[in-house]
Amino acid sequence: MLGFIVKRLMWMIPSLFVVSFLAFVLIQLPPGDYVTTYIATLAASNEIVDQTAAADLRARFGLDQPFIVQYAMWVTGIVTRGDFGLSFEWQQPVSGLIWERMAFTLLVTGSTLLLTWALAFPIGVYSAVRQYSIGDYFFTFLGFLGLAIPSFLLALVMMYIAVVEFGQEVGGLFSDRFVNAPWSWAKVEDLLKHLWVPVVILATNGTASLIRIMRANMLDELHRPYVTTARAKGLSEFRLLVKYPCRLAINPFISTIGWLLPNLISGALIVGVVLSLPTAGPLLLQALMAQDMYLAGAFILLMCGLTLIGTLISDILLALVDPRIRLE
Amino acid sequence: MSDTAAAAPAVDRNAARFAAASQWRLMWWSFRRHKLAMIGLFVTLAIYIVALAPDFFSVSDPIRQNARSVYHPPQIGLLHFFDEGSFRPHVYGMTLRRDPVTLAPTFVPDPSRKIYLGLFVQGYEYNLLGLFPVETHLFGPVDPRQNIYLFGADRLGRDVWSRIMAGAQISMSIGLVGVFMSLLIGIVLGGISGYYGGGIDFAIQRTIEFILALPQIPIWLALAAALPQNWPATYTYFMITVILSLVGWAQLARVVRGRFLSLRTEDFVVAARLDGASEMRIIFRQMLPSFMSHIVASVTLAIPAMILAETALSFLGLGLQPPVVSWGVLLREAQNVRSIATAPWLFAPGAAVVIAVLALNFLGDGLRDAADPYQK
């Protein structure tokens, strides 16, 4: 088991390296750099920046170095000092801007994951055990709908209902008076009151696909001979379900963290923009639009890193649950 | 039907029919039993027909602005089929009133002003399939000077119904083109990976796993942000499909690889190899036809993901840009609470997305179940 974990951890090193390189390539892709954008902004207000000033600016930000040198400087800064570079637009270190946003992103996606499991597990089991019942059809239909509605559309509809029916605006994670307040119980309570909206929106999509997976897994197991044996021995139906088929059917369930998390991060980005949450999404979008490359790069790196870690956790959990995998 | 013989020969005949039927015929029989999939097939076909000639289904020019119909409410509720006992479809016109105090504009239905509708009426001129100049539309007001807004109008007074029709062309085609490109990459890389195995397989597999582990939207956004804003619309359209397929190929490559792996050791493939068939012949004559159906099913299930991705990108403002009309671009109009509170009909393009995605999902599910007719 330890060997498996060590081997899996070793894989993280090249993966993280590739991710960091990818993030850097992505932020270098747009033609021109921040200085070009900066000059264009100044030119729009009739200020002219001469060539030497532009070169000075480039030298100060290290933008005149070759690509690979810039990358090396960037990565070294992150690894050794936790320094993600400077946000040109905000004129302050990126590391000061991202952590709170990433923490809220993690909070939203983490709660969504928990809700998804809490909903999908019982519903999936129910749909399989009562196959072709009205309840099964109902949840299958709901599942298809959940897969077909883009999360941002759901967020918009929720906002519309809140405004028209209840006369209040949803959005953000805090009420106005708590946004800048120090942490307190009242603030946590306020957070919970706001948190459920994005969490429910995001959970719809993942729950829909998880229910279908769980249902298919359970259907595969329910007709196995060991289930019949257990039933013949007089085990109550509920205990039988929980004790045998559920334990087997839960395997692929765990591995879903691997693909659910990337989807959740993607979804959280858009929902964050629509509901103007203090998460990474809106800031990343803004940074991409303004070509604030270090800020955008840091977010892309952290989001990708987060999903890689999620895959790692799901692989290790899977190996813990199923001995066949770690012996492979 | 003349053969109303005894039951036994009929069963025999059925069995014989079954044994003699080609693989595609068997798949069609098995597909036909799937009711939702059949509905999905018809809806998908209908949407693609609209996408072929959106102007024919439009009522007014989707880019024509009209200052007098800003946020004109939908008239679909004012649609009547009978006029004084005879069949004459019409809608009530709406009159613009201003609140005497706030001067806010409101539209009031006016039952005395009937706008008669007809089939194959003359309207604005457009190019059918980009070839022939035509003025005929499927339906619309009989009098071309009248305007109707079945699904309302947006903030510039443009007809939402006509814009949804126009958006179908871009949104549906971007799904097809994007999936086609993903399929090209997927078949090449997945094929190499599954057919040769070994080191190449290992490398490609790790790449696929890596790509699948990344969150797609941030990467798409970063790639789309790199596109110059002043490019012509066709360039942007093409690049967006390339961007979508750069991330989207991994899933398809995985399907192709799995199929290659399982077929590699099948008897008929081994037999062909022993007969001295060339590798190209084995791949294209023996293996490809036998997993074509699975590919078709996977592709159908991949299209909705592409459509949703394009919608999300355009909605966030980093995909297609107006004046190009796609469902995502249209939903940008519904971005803030104020505009959807005054004009909830701006959600209509979202309904179009949901219907298209649902239809394609049902169709794809049916195809996947029918893909292997020899099962059971």
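Residues numbered from 1 in each chain as written. Chains lettered and ligands numbered in written order. Predicted model: local features only at pLDDT ≥ 70, side-chain atom pairs only at ≥ 80, totals over all residues.

Re the interface of chain B and chain A
Then, in step 1: Contacts between chain B and chain A engage 32 residues on the former and 39 residues on the latter.
Then, in step 2: Broken down by secondary-structure element, the contributors of at least two residues to the side of chain B that touches chain A are α6 (198-213), α7 (216-225), α10 (279-316), α12 (337-342) and α13 (348-370) of chain B.
Then, in step 3: Among the elements that take part in the side of chain B that touches chain A, α7 of chain B stands out by supplying eight residues, more than any other.
Then, in step 4: Counted by class, the side of chain B that touches chain A contains 28 nonpolar, four polar and no charged residues. (Contact = placed C-beta atoms within 7 Å. Helix = DSSP H or I, 4+ residues; strand = E, 2+ residues; numbered from the N terminus. Nonpolar A, V, L, I, M, F, W, Y, C, P; charged D, E, K, R; others polar.)

Observations regarding the confidence of the model for chain B
All names here are of chain B.
Then, in step 1: Averaged over all residues, the pLDDT of chain B equals 81, while 95% of them reach at least 70.
Then, in step 2: The low-confidence segment residues 1-6 (pLDDT under 50) makes one contact with residues lying over four places distant or belonging to another chain.
Then, in step 3: Confidence estimates for the predicted assembly give a pTM of 0.83 and an ipTM of 0.81. (pLDDT = per-residue confidence, 0-100.)

Some words on the packing of helix α9 (residues 267-274) of chain B against α10 of chain B
Residue and element names in this part refer to chain B.
Then, in step 1: Look at α9 against α10: their axes get within 10 Å of each other, and the N-to-C directions meet at 150 degrees. As far as their axial angle goes, α10 and α9 are roughly antiparallel. For α9 against α10, the interelement crossing comes out right-handed. Of the residues in α10, those touching α9 at F268, V269, A272 and R273 are I282, Q286 and M287. (Axes fitted to C-alpha atoms, helices over the stretch in contact; angles between N-to-C directions. Parallel < 35°, antiparallel > 145°, perpendicular 65-115°, else oblique. Left-handed = near helix turned anticlockwise from the far one by under 90°.)

What to know about unusual backbone geometry
Then, in step 1: Of note, the phi angle at S276 of chain A is positive, near 40 degrees, even though the residue is not glycine.
Then, in step 2: Residues other than glycine seldom take positive phi values, yet F120 of chain B does so here, at roughly 50 degrees.
Then, in step 3: Tracing the chain through its elements places F120 of chain B in strand β3 (residues 105-128).

Overview of the confidence of the model for chain A
Then, in step 1: When the pLDDT values of chain A are averaged, the result is 81; 96% of them are 70 or greater.
Then, in step 2: Taken element by element, the predicted model of chain A shows its lowest mean pLDDT in helix α14 (residues 323-326) of chain A (68) and its highest in helix α5 (residues 95-129) of chain A (87).

Quick notes on the environment of M280 of chain B
Then, in step 1: Assignment of secondary structure puts M280 of chain B in helix α10.
Then, in step 2: With 75 residues separating them along the chain, M280 of chain B and Q205 of chain B place their C-alpha atoms 23 Å apart.

Comments concerning the pairing of strand β1 (residues 79-83) of chain B
Residue and element names in this part refer to chain B.
Then, in step 1: In terms of burial, β1 is a largely surface element, zero of the five residues being buried.
Then, in step 2: Of the strand pairs in this sheet, β1 and strand β2 (residues 86-98) are connected by four bridges, and their pairing is antiparallel. The partner of L79 across the bridge, within β2, is V91. (Buried ≥ 20, exposed ≤ 12 C-beta atoms within 10 Å, placed from the backbone. Pairing = 2+ DSSP bridges.)

As for the sheet that holds β1 of chain B
All names here are of chain B.
Then, in step 1: Ordered in space as β1-β2-β3-β4, the four strands form an open sheet in which the pairing is antiparallel. Among the strands making up the open sheet, the edge pair consists of β1 and β4 (132-141). Ignoring which end each strand starts from, the neighbouring axes of this sheet average 45 degrees apart.
Then, in step 2: Relative to β4, β3 runs antiparallel, the two being bridged by eight bridges.

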